[in-house]
Amino acid sequence: MTSRIQSAAPGSGEQASGRPPYPAEPAGNGRVHGHPGRVPLDELHETARRIAANVERVLVGKPDVIRIALVTLLAEGHLLVEDVPGVGKTSLAKALARSIDCTVSRIQFTPDLLPSDVTGVSIYNRQSGEFEFRPGPVFANIVVGDEINRASPKTQSALLECMEEHQVTVDTSTYHLDEPFMVIATQNPIEMEGTYALPEAQRDRFTARVSIGYPDQQAELAMVDEHAGHNPLDDLQPVSDGETVHRLIETVRGVHIAPEVRRYAVDVVAATRQVPEIRLGASPRATLHLVRAARAQAALSGRDYVVPDDLHTVAVPVLAHRLVLTTEAHAARRSATDVVRAVLHRVPVPQGTRP
């Protein structure tokens, strides 16, 4: 089955002339210039296509979810996969991890899990008479946290420093994590039995949240035909490696975002703090994550510059899970997704200038 990486639909951010409204520089041959670690955009697109096709062998019929996962990976972020049991949350996380030839670890979050089970612990060595640090599973390029909201908030907080600063501090000693570093966590809805709500500080550290949802009948039938006899994860082979992903991330960092588009991103995030239905709006960290995700979306679309449509494409996955609604909004059955879409509709889109 072939995979597709969707591009942002042309909208107010593109002019009828077909020329880029927010030019970074004269771009040639699909390259982002000026850094030896970067790769051509066509190579980035091809590598992303291979990863997406690999993941889609496991998660059938969900190309939009896979695209957001790739955007999060290239934006140096962390992904939260939230949905009911049995729709493929863990399969998505493990398939993405296995598609990249790098160190991978998996943590099954349970109520009795301790912070030291995540970060590591210092153990006394009788022979040397000193304490030795035994690294925990967080010391990997990709960390799969299964059912993260089944652990206590105390254990969940063990990931805060790792996700934000890419380091672990144990007994006054700081240990840096390898690059790239990505946490892919799954969680069940908080209405499910035995779950704890993620603290706002931890939700804010996840770049994006996706919900897989139930497949349509055709995709579910294909899944039964292809997966009933064996687990496709067993046959999955890496199609990229950690060094290549690091170079792709360097390329995404070089994607140009014009001052008008940067201002638009700030205006969208600031607008979430002024909506009466919102008790807690998006943070400045959310603005940074929105811009990084928009850069990754632009690169996957084959452009070395960001347009407002890129921000529109990633705004809901990046912003919705950070918002805390008021009691009145819940009573009116308004969702954070509805609020983000209303904000995007209300904030004026910057008009492009001709190159």
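Above this text sits the structure in question.
This is a predicted model, so every value here is computed, not measured.

Reading the values: rules and limits
Residues numbered from 1 in each chain as written. Predicted model: local features only at pLDDT ≥ 70, side-chain atom pairs only at ≥ 80, totals over all residues. Heavy atoms only, no water. Pairing = 2+ DSSP bridges. Helix = DSSP H or I, 4+ residues; strand = E, 2+ residues; numbered from the N terminus. Axes fitted to C-alpha atoms, helices over the stretch in contact; angles between N-to-C directions. Contact = heavy atoms within 4.5 Å. Salt bridge = Lys/Arg side-chain N within 4 Å of Asp/Glu carboxyl O. Buried < 20%, exposed > 50% of the residue type's maximum accessible area, 1.4 Å probe, protein only. Expected span 1.5 Å × (residues − 1). Arc of directions from axis to C-beta. Parallel < 35°, antiparallel > 145°, perpendicular 65-115°, else oblique. Left-handed = near helix turned anticlockwise from the far one by under 90°.

Some thoughts on the sheet that holds strand β3 (residues 104-108)
Right, so step 1: A sheet is described by the order of its strands in space; here 5 strands give the open sequence β3-β6-β9-β1-β10, paired in parallel fashion. The sheet is open, and its two borders are formed by β3 and β10 (208-210), each paired with just one other strand. Ignoring which end each strand starts from, the neighbouring axes of this sheet average 15° apart.
Right, so step 2: Here strand β1 (residues 79-82) runs beside β10; their pairing, made up of 3 bridges, is parallel. When the sheet's bridge partners are listed, valine 81 is paired in β10 with valine 210.
Right, so step 3: The strands that helix α3 (residues 89-98) touches are β1, β3, β6 (142-146) and β9 (182-187); relative to β9, the one it contacts most, it runs at about 165°.

Let's talk about the environment of arginine 253
Right, so step 1: Topologically, arginine 253 is positioned in helix α9 (residues 242-253).
Right, so step 2: Taking the C-alpha atoms as reference points, arginine 253 and aspartate 304, separated by 51 residues in sequence, lie 10.0 Å from one another.

What to know about the pattern of salt bridges
Right, so step 1: Taken as a whole, this structure holds 12 salt bridges when the rule is applied.
Right, so step 2: Two residues, glutamate 76 and arginine 253, come together in a salt bridge whose shortest N-O distance is 2.5 Å. Residue glutamate 76 is located in the loop between α2 (63-74) and β1, and its partner arginine 253 is located in helix α9; the two are separated by 177 residues in the primary sequence.
Right, so step 3: Since its relative accessible area comes to 26%, glutamate 76 is described here as partly exposed.
Right, so step 4: One salt bridge connects arginine 285 with glutamate 164, and the closest N-O pair in it is separated by 3.1 Å. Taken together, the positions of arginine 285 in helix α11 (residues 284-300) and glutamate 164 in helix α6 (residues 160-165) put the pair 121 residues apart, joining distant regions of the chain.
Right, so step 5: Through salt bridges with shared partners, a single network forms among Glu164, Asp204, Arg285 and Arg322.

Regarding helix α10 (residues 259-272)
Right, so step 1: In this model α10 runs 21 Å from its N-terminal to its C-terminal C-alpha over 14 residues, within 8% of the 20 Å that 1.5 Å per residue would give.
Right, so step 2: Among all positions of α10, only Val261, Tyr264, Ala265, Val268, Val269, Ala271 and Thr272 are buried. Angularly, the buried residues of α10 cover 160° about the axis, an arc narrow enough to put them on a single face. Away from its buried face by more than 90 degrees, α10 exposes Pro259 and Arg263.
Right, so step 3: In this structure, the buried side of α10 is in contact with β12 (278-280), α11, α12 (308-319) and α14 (336-346).

What about the packing of helix α1 (residues 41-56) against α9?
Right, so step 1: One way to put it is that α1 packs onto α9 with a least axis distance of 10 Å and a crossing angle of 130°. Here α9 runs oblique to α1, going by the angle between their axes. Of the two elements, α1 crosses α9, and the hand of that crossing is left-handed. Residue-level inspection shows Leu41, Glu43, Leu44 and Thr47 of α1 in contact with α9, the latter providing Thr244, Arg247, Leu248, Thr251 and Val252.

Overview of unusual backbone geometry
Right, so step 1: For the peptide bond that leads from glutamate 179 to proline 180, omega is -5°, which places it in the cis range.
Right, so step 2: Tracing the backbone shows proline 180 in the loop between β8 (173-176) and β9.
Right, so step 3: With a phi angle near 55°, glutamate 147 is a residue other than glycine that sits in the positive phi range.
Right, so step 4: Mapping glutamate 147 onto the fold places it in the loop between β6 and α5 (153-156).
Right, so step 5: Positive phi outside glycine occurs at threonine 172, with the angle close to 70°.
Right, so step 6: Locating threonine 172 in the fold gives a position in the loop between β7 (167-170) and β8.

Concerning the environment of alanine 97
Right, so step 1: Following the sequence through the fold, alanine 97 ends up in helix α3.
Right, so step 2: Residue alanine 97 is classed as buried on the basis of its relative accessible area, which comes to 1%.
Right, so step 3: Sequence separation of alanine 97 and isoleucine 51 is 46 residues, and the distance between their C-alpha atoms is 9.9 Å.
Right, so step 4: Once residues within four sequence positions are removed from consideration, alanine 97 is found in contact with Val104, Ile142 and Val144.

These figures come from the coordinates and say nothing about function on their own.
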